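Here's the letter readout for the chains.
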Amino acid sequence: MTTLLSARNLEWRAGGRTILGPLNLDVLQGECLAVVGPNGAGKTTLLRCLTGLLRPSRGELLFAGRSFATLSRRELARRIAYVPQIRPERVPLKVEEVVMLGRYPHLSPLQIAPRSSDFAAVEEALAVVGIAPLRARPIDELSGGERQAVYIAAALAQESEVLVLDEPTIHLDARHQHDLASLLLRLKQSAERTIVLATHDLNLSSLLGDRLLALAAGRALALGRPAEIVRSEVLEQLFQARFEVVRGGERPVTVLDLGA
Amino acid sequence: MSSSPVRPRIALLLLFGLWLATLIVAPLVGSQPVSLADVARGEPSAASIFWQIRLPRVLLALLGGAALAVSGLGFQTLFRNPIAEPYTLGISSGAALGAVLALRFQGGAMLGLPLVALASFAGALAAVSLIVGLALRREGVETSTLLLAGVAVSLSCSAIILFLQYLADSTQTFRMVRWMMGGLSVVGYAEVLWLLPWVLGGAALLLALRWELNLLLTGEEMAASRGVDLGRLRLKVLLATSLMIGALVAIAGPIGFVGLIVPHMLRRLVGHDHLFLAPACFFAGGAFLTLCDAAARTLMAPAELPVGILTALLGGPFFLWLLVWRKSGQ
């Protein structure tokens, strides 16, 4: 597999403190990389660096061998789409309007209206995510799960090779978590998207991820297949909490060990 | 943005109709009513009042209202805050301070428009930079921070303006005070022609940025991740709005709250897509200020009320209502 996205000696500092790095990371084409780690480990900072939203204090980021520094924001957006965790409370737009805004990096500045290719991409994104019936609804009226689906559809309409998601399942109930996880699985398998996601949900990352990056205090503690990372020794070191592996195999499942 | 928005199109058409109607009817109204038939017949006194006195003033109001409403819209979207507008942010005060400085040191006449305008631009830009420096954060701006920054800038500018008035002789002081009330009592087309390119240019730029402004509605992080260069967008919007406001204030003084009332009402009518909202603000803002000015000319006829007093009387309560309504979660 070829490397699509890579970080070389990546470091991000704020207020004289190193929040992230130094870190080396290769994201392979078509893989799902899950970033796990405790609060404040720098997961979101890493994602924001990988999407080009944060400029690293030191080191370099490359997309298919090209430095981020040589790519404009629009060029980056055509390659990497981001679904942030924190979003404004009120967004006075309809579902299809939000999804159409995903087409922004493909619009030319002189274009007066979206082209048929833009409408086609929006239709496809709505269909893939399964929210076509919601298209005319104001997004503020939707449930948390539906809203998350809309932003993922918008990121899909962006037609970028890499999809980066920050805590996609947080605040979602079991059914919506299931729907979202199976959507991500479908995207990876059929649409050959490369996915990077940060999550607190260890089991989700084990079930979805081809590789897991365990991030602690901004540094890579471990990187490997789920079976290599989701082990009580690694998790204990990572979270400073005890875990019990309740199902082994390639994609292990764990619960917190409360010692009862 | 969406495939077939019918409502905003109809609303925009209606607003354009209102704009046209205002353009024709407003010059007929005033301390001495004029009939359209007389004007058409070329009756000398009616024609002179219509063409020489009232029409330039109406055109100025149409352009000025457009500048205020469009820049209010720009500020509100940029700061993600519905109370942002040139007056509450202190941009008008900054421009006014610049203009008063120029008036003071060239003898108080409005003749040297370019100098007053330049000073007014500079004041508006300085105020904008201050506000941005004080209040801009990563995800939108806190209402309280924005308000306080605006109040701080306004108060500082007002203090300096008062000081300048204190130093000036009584004729100059009277001119400055009248001008600070915000009024449109001009004669002739020179001011109209001078204001035209700034307002049309600024409004056109904001319309060209409609995708970026729409994206800002989904948050700055989201907009940036879709490919919007936030720094350049901010610069363009602030420059366009400051130039419009600077140009207007140089002629008409600070006129408040039009930029607050008009975009707010239009969002309910037209929706949030800037493709429709920006032109809607252009037409409705112009019509609104023209109607306010027509009222200001007739309410106390034959005396004329400065239109700024009227918009402030309407806008103050509206502003309070907006604050309370926002706090109670709509």
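Residues numbered from 1 in each chain as written. Chains lettered and ligands numbered in written order. Predicted model: local features only at pLDDT ≥ 70, side-chain atom pairs only at ≥ 80, totals over all residues.

Asks: Break down the sheet that holds strand E3 (residues 32-36) of chain A for me, with residues and values.
Replies: Residue and element names in this part refer to chain A. Taken in spatial order, the 6 strands of this open sheet run E6-E7-E8-E3-E9-E10, and their pairing is mixed. Edge positions in the sheet fall to strand E6 (80-83) and strand E10 (219-224), since each has one partner strand and no second. For this sheet the average axis-to-axis angle between neighbouring strands, irrespective of direction, equals 15°. Taken together, the 5 bridges between strand E7 (residues 162-166) and strand E8 (residues 194-198) define a ladder with parallel strand orientation. Opposite valine 164, over in E8, you have valine 196 as the bridge partner. Where helix H1 (residues 43-50) meets the sheet, it contacts E3, E7, E8 and strand E9 (211-216), and its direction lies at approximately 150° from that of E8. (Pairing = 2+ DSSP bridges. Helix = DSSP H or I, 4+ residues; strand = E, 2+ residues; numbered from the N terminus. Axes fitted to C-alpha atoms, helices over the stretch in contact; angles between N-to-C directions. Contact = placed C-beta atoms within 7 Å.)

Asks: Can you explain the interface of chain B and chain A? Please cite residues and give values.
Replies: With 20 residues of chain B at the contact, the number on the chain A side is 24 residues. Of all elements in the fold, only helix H9 (210-216) and helix H10 (220-225) of chain B reach the threshold of two or more residues within the side of chain B that touches chain A. Among the elements that line the side of chain B that touches chain A, the one with the most residues is H10 of chain B, at 4 residues. A per-class count over the side of chain B that touches chain A returns 7 nonpolar, 9 polar and 4 charged. (Nonpolar A, V, L, I, M, F, W, Y, C, P; charged D, E, K, R; others polar.)

Asks: Tell me about the confidence of the model for chain B, and name the residues and values.
Replies: Put simply, chain B has an average pLDDT of 86, and 92% of its residues get 70 or more. Here the prediction assigns the complex a pTM of 0.89, and the interface score ipTM is 0.91. (pLDDT = per-residue confidence, 0-100.)

Asks: Would you mind going over the pairing of strand E11 (residues 243-247) of chain A in detail, with residue names and values included?
Replies: Residues and elements named next belong to chain A. Alignment of E11 against strand E12 (residues 253-256), held across 4 bridges, turns out to be antiparallel. What sits directly across from arginine 247, in E12, is valine 253. Adjacent in sequence and paired antiparallel, E11 and E12 are bridged by 5 residues, among which glycine 249 carries a positive phi angle near 90°.

Asks: For the sheet that holds strand E2 (residues 17-28) of chain A, give the residues involved together with the corresponding values.
Replies: All names here are of chain A. Ordered by their spatial adjacency, 4 strands build an open sheet running E2-E1-E4-E5, and the pairing between neighbours is antiparallel. For this open sheet the edge positions go to E2 and strand E5 (66-67), each flanked by a neighbour on one side alone. Bridge analysis of strand E1 (residues 3-14) against strand E4 (residues 58-63) gives 5 bridges, and the strand direction is antiparallel. Looking across to E4, one finds that alanine 7 is bridged to leucine 61.

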